[in-house]
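# Remarks on the overall topology
If you want the building blocks of each chain, they are given just below.
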Amino acid sequence: MDHAEHSVGYPLPELLRRIYTEVGDGGFGPDGGLASLTPRRVPHWHPADWPCATTLHAKQTEWGAPASWFFLTSGGCTMEWYVSLIAKLIATRALRYGPYAIVAGDINYPPADPTSPSPDYAAMFPYNKSARTRLPSETGGQLVPDRRVTEILAYTGFVDAAAKLFEERGDKELLRRTATDDRIDQLWVSGPLRDTITDYALLDTPADASDHHGLVVRIDLDRARTDNMWEYK
């Protein structure tokens, strides 16, 4: 495991580490099966060599998948499945050149605040449910949101725009789901920009424009902190 993480340059997610160390080194799972971490042969697999994630990662070119993507398995018909390894990288590299930073997008994980409205698991696809919840062995079989990705952003000092305004206004509309099952689309600002957030809204019309609502966040840069900047470095 240590050799694999060193070769790809990123730590693997905890769930993936447990799969490789507690279940096996690939050769099982959906579609063609999970790629291995080390070059190997799998008896039931018809090609000469089983796909090795670290070998494929070393062969990536500028026209291939980003270096921060880790190969999981082939889906057939030229489709490939990857996992992104950059939650911590985004949280820290966004501040590499200064204390002012914004991270926004389809985070695809529940908000960091444990008091956030519960996801709608009935509307959630099974693969999203398994990706966005903690392991049953950790929760006694209960569905518990996996907030570790967004907790990394919060731990690094970023502020969730919607949650910040909800804390100030108490308007639950600010925490409304951005997709059918949870508020997975989020905009985070670094600490010195916390006070610049003045408004937040969802773009939810026309109804069929997308499977996710757009976000509008109004920021007043005149309110950015400019004092004692060393505390953010």
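Cut-offs and rules
Residues numbered from 1 in each chain as written. Predicted model: local features only at pLDDT ≥ 70, side-chain atom pairs only at ≥ 80, totals over all residues. Heavy atoms only, no water. Helix = DSSP H or I, 4+ residues; strand = E, 2+ residues; numbered from the N terminus. Contact = heavy atoms within 4.5 Å. Areas by Shrake-Rupley, 256 points an atom, 1.4 Å probe, with all protein chains shown as cover. Core = buried A, V, L, I, M, F, W, Y, C linked by side-chain atoms within 4.5 Å. Buried < 20%, exposed > 50% of the residue type's maximum accessible area, 1.4 Å probe, protein only. Pairing = 2+ DSSP bridges. pLDDT = per-residue confidence, 0-100. Salt bridge = Lys/Arg side-chain N within 4 Å of Asp/Glu carboxyl O. Phe/Tyr/Trp six-rings, centres within 6.5 Å; stacked < 30°, edge-to-face > 60°.

So, on to the overall build of the protein chain. Scanning the protein chain from terminus to terminus reveals 8 helices and 7 strands. Its C-alpha atoms put the protein chain at 60 × 45 × 35 Å along the principal axes. Restricting the contact set of the protein chain to residue pairs at least 6 apart, pairs at least 24 apart contribute 57%. Surface exposure of the protein chain reaches about 14,000 Å², of which carbon and sulfur atoms provide 55%.

In this structure, L12, L16, Y20, L37, F70, L72 and L85 are the most contacted members of the largest nonpolar core, which totals 15 residues. The set of elements that each furnish at least two residues to this core consists of α1 (2-8), α2 (14-23) and β1 (69-76). Here this core gets 3 residues from one element, more than from any other, and that element is β1. Setting aside chain neighbours within four positions, we find L72 in contact with L16, G33, L34, A35, W81, Y82 and V83. Listed in part, the 12 residues of the second largest apolar core include A161, L174, L187 and Y200.

Turning to the sheet that holds strand β5 (residues 185-189), a few remarks are in order. Here 3 strands make up an open sheet; going across it, the order is β3-β5-β4 and the pairing antiparallel. The two strands at the open ends of the sheet, each matched to only one other strand, are β3 (102-106) and β4 (159-160). Direction of pairing for β4 relative to β5: antiparallel, over a ladder of 2 bridges. Bridge pairing in β5 places V159 opposite V189.

Turning next to the confidence of the model for the protein chain. The pLDDT averaged across the protein chain works out to 85; a share of 90% of its residues lies at or above 70. Across the protein chain, the element-wise mean pLDDT spans from 73 in helix α4 (residues 87-93) up to 98 in β4.

The linkage connecting T205 with the following residue, P206, adopts the cis geometry, with an omega of -5°. Tracing the backbone shows P206 in the loop between β6 (197-203) and β7 (214-219). Phi at N108 is positive, roughly 65°, even though this residue is not glycine. When you line up the elements, N108 lands in the loop between β3 and α5 (126-132).

Its location among the elements puts L174 in the loop between α8 (161-169) and β5. Counting along the chain gives 11 residues from L174 to A163, while the straight-line C-alpha distance between them is 7.3 Å. Ignoring anything within four residues of it in the chain, the contact list for L174 reads A162, L165, F166, R169, R183 and Y200.

This part covers the pattern of salt bridges. Scanning the model with the defined rule gives 13 salt bridges in all. The partner of D181 in a salt bridge is R132, and the shortest N-O contact between them spans 3.0 Å. Residue D181 is found in the loop between α8 and β5, and its partner R132 is found in helix α5; the two are separated by 49 residues along the sequence. The class of D181 is buried, set by a relative accessible area of 4%. Residue classification places R132 among the buried positions, given a relative accessible area of 4%.

Positionally, A122 belongs in the loop between β3 and α5. For the pair A122 and T180, spaced 58 residues apart in the sequence, the C-alpha separation amounts to 9.9 Å.

Within this structure, the stated rule accounts for 3 aromatic pairs. Ring geometry for F71 versus Y82: centroids 5.6 Å apart, planes at 75°, classification edge-to-face. On the criterion of sequence distance, the pair formed by F71 in strand β1 and Y82 in strand β2 (residues 79-84) is long-range, its members being 11 residues apart. For Y82, a relative accessible area of 26% translates into the label partly exposed. Ring centres of F125 and Y127 lie 5.6 Å apart, and the angle between their planes is 5°; this geometry places the pair in the stacked category. You'll find F125 and Y127 in the same group, each marked exposed. Here the aromatic cluster, defined as three or more aromatic residues joined through ring pairs, consists of W69, F71 and Y82.

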